[in-house]
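The chain contents come next:
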Amino acid sequence: YIGKPYSRSEIISAINEFPSLNFEEYDNMDTLIEDTSYWLTQNRVIGWFQDGAEIGPRALGNRSILASPINSWMTGHINSDVKKREWYRPFAPAVLFEHQGEIFESDVYSPYMLVTTTVKEDWRNRIPAVTHIDNSARHQSVTKTSNSKFYQLITKFHEKTGVPVLLNTSFNGPKEPIVETPNDAIKCFYETGLDHLVINNFII
């Protein structure tokens, strides 16, 4: 997460370029996370933009598109309607590391989403949107120290649903690289039809 972070004034400047946006600024990150986790339980698809970007080939919770993994139709919805790519492309689970061994046949700490494992049988129907056709998954282990905001968000979703996992895919549209700036994120929000966009302390 060593990319450039963006200031409040830079975010406001980007928002002001799009006069039709409806947005709210939160004074308290805990309240923002509470509201965002609620929208995830309602099957909203959310662009999640926090602090400095990931460096590397994976979205690791600072430039991510997030969704609930609980409904199998979510895979097709994000592939076809949001990312506009092949229907069969899999999505990765971001999992609270302390619960990883309950769900996956792996206790390997994998913060960079580089390890493929098998979803345990009793979880395959509980997280079908991140379980590939061969019952595999390439998981991201999330801890308080690896990414505290992302950890808090998954924790709140877990409290509401009993599922300590979120669907995590890169924040970009078709034929585009992962978003970098607040302006990139807002353009992608418009182009992909995301339900909500969270940029630091703002929800659009």
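Everything below is about the structure shown above.
Please read these numbers as outputs of a predicted model, since none were measured by experiment.

*Asks:* Got a minute to help me understand the layout of surface pockets in this structure?
*Replies:* Unoccupied space between atoms shows up once a probe the size of one water molecule is rolled over them. Its boundaries defined by the atoms lining it, the largest pocket holds a volume of some 350 Å³. At the level of secondary structure, the elements contributing two or more residues to the lining of the largest pocket comprise strand S6 (136-142) and strand S7 (165-170). Residue classes in the lining of the largest pocket are distributed as 8 nonpolar, 6 polar and 4 charged. Its volume calculated, the second largest pocket comes out at about 190 Å³.

*Asks:* Would you mind showing me how to read the packing of aromatic side chains here?
*Replies:* Aromatic rings in a pair are described by how distant their centres are and how their planes are angled relative to each other. Evaluation of the coordinates by the stated rule reveals 7 aromatic pairs. Counting every residue linked through ring pairs, the aromatic cluster contains Phe-18, Phe-189 and Tyr-190. Residue placement shows Lys-4 over the ring face of Tyr-6; its charged tip is 4.5 Å from the ring centre. Directly above the aromatic system of Trp-123 lies the positively charged group of Arg-126, at a separation of 3.9 Å from the ring centroid.

*Asks:* Mind showing me how you'd approach unusual backbone geometry here?
*Replies:* Excluding glycine, residues mostly have negative phi values, and the peptide bonds linking residues are mostly trans. With a phi close to 65 degrees, Asn-43 is a non-glycine residue in the positive phi region. Within the secondary structure, Asn-43 is located in the loop between helix H2 (29-41) and strand S2 (46-49). If you check the backbone angles, Lys-175 has positive phi at about 60 degrees while not being a glycine. Secondary-structure assignment places Lys-175 in the loop between S7 and helix H6 (182-192).

*Asks:* Whenever I open this one, the nonpolar core confuses me. Can you help?
*Replies:* A general feature of soluble globular proteins is that nonpolar side chains tend to end up buried together. Grouped together as the largest cluster of nonpolar side chains are 56 residues, with contacts concentrated most on Ile-127, Phe-171 and Ile-186. The element that contributes the greatest number of residues to this core is helix H5 (residues 148-161), accounting for 5 residues.

*Asks:* How should the sheet that holds strand S4 (residues 92-96) be read in this particular structure?
*Replies:* Strand-to-strand pairing in sheets goes through backbone hydrogen bonds, with the strands running parallel or antiparallel. With mixed pairing, the 9 strands of this open sheet are ordered in space as S1-S9-S8-S2-S3-S7-S4-S6-S5. The outermost strands of the open sheet, each flanked by one partner alone, are strand S1 (24-25) and strand S5 (115-118). In the sheet, strand S8 (residues 196-199) pairs with strand S9 (residues 202-203) via 2 bridges, with the strands oriented antiparallel. Among the inter-strand pairings, Val-198 is bridged to a residue of S9, identified as Ile-203. Across the sheet, H2 lies against S2, strand S3 (63-67), S7, S8 and S9, angled at about 150 degrees from S2, the strand it touches most.

*Asks:* What is the right way to read the environment of Lys-156 from this model?
*Replies:* For Lys-156, the position within the fold is in helix H5. Setting aside residues no more than four positions away along its own chain, Lys-156 makes contact with Ile-33, Glu-34 and Ser-37.

*Asks:* Just to check I follow, could you spell out H2 for this structure?
*Replies:* Helical geometry: 3.6 residues make up each α-helical turn, so side chains three or four residues apart lie on a common side. Given a rise of 1.5 Å per residue, 13 residues ought to cover 18 Å, and the 18 Å separating the end C-alpha atoms of H2 matches this to within 8%. Along H2, the positions that sit buried rather than exposed are Met-29, Leu-32, Ile-33, Thr-36, Ser-37 and Leu-40. Buried residues in H2, looked at end-on, bunch into an arc of 130 degrees, giving them a common side. Tucked inside the fold, the buried residues of H2 contact S2, S3, H5, S7, S8 and S9. Two or three places before Asp-30, at the start of H2, stands the capping residue Asn-28, its side-chain oxygen 2.7 Å from that residue's backbone nitrogen. Phi turns positive, to about 65 degrees, at Asn-43, one or two residues after H2.

Criteria and cut-off values
- Residues numbered from 1 in each chain as written.
- Predicted model: local features only at pLDDT ≥ 70, side-chain atom pairs only at ≥ 80, totals over all residues.
- Heavy atoms only, no water.
- 1 Å grid on protein atoms, 1.4 Å probe; cavity = no way out; pocket = protein on both sides within 12 Å on 5 of 7 lines; lining within 4 Å.
- Points joined across faces, edges and corners; volume = space filled by probe spheres on them.
- Helix = DSSP H or I, 4+ residues; strand = E, 2+ residues; numbered from the N terminus.
- Nonpolar A, V, L, I, M, F, W, Y, C, P; charged D, E, K, R; others polar.
- Phe/Tyr/Trp six-rings, centres within 6.5 Å; stacked < 30°, edge-to-face > 60°.
- Lys NZ or Arg CZ within 6 Å of the ring centre and 35° of its normal.
- Core = buried A, V, L, I, M, F, W, Y, C linked by side-chain atoms within 4.5 Å.
- Buried < 20%, exposed > 50% of the residue type's maximum accessible area, 1.4 Å probe, protein only.
- Pairing = 2+ DSSP bridges.
- Contact = heavy atoms within 4.5 Å.
- Axes fitted to C-alpha atoms, helices over the stretch in contact; angles between N-to-C directions.
- Expected span 1.5 Å × (residues − 1).
- Arc of directions from axis to C-beta.
- Polar contact = N/O pair within 3.5 Å; in protein donor to acceptor, adjacent residues only side chain to side chain.

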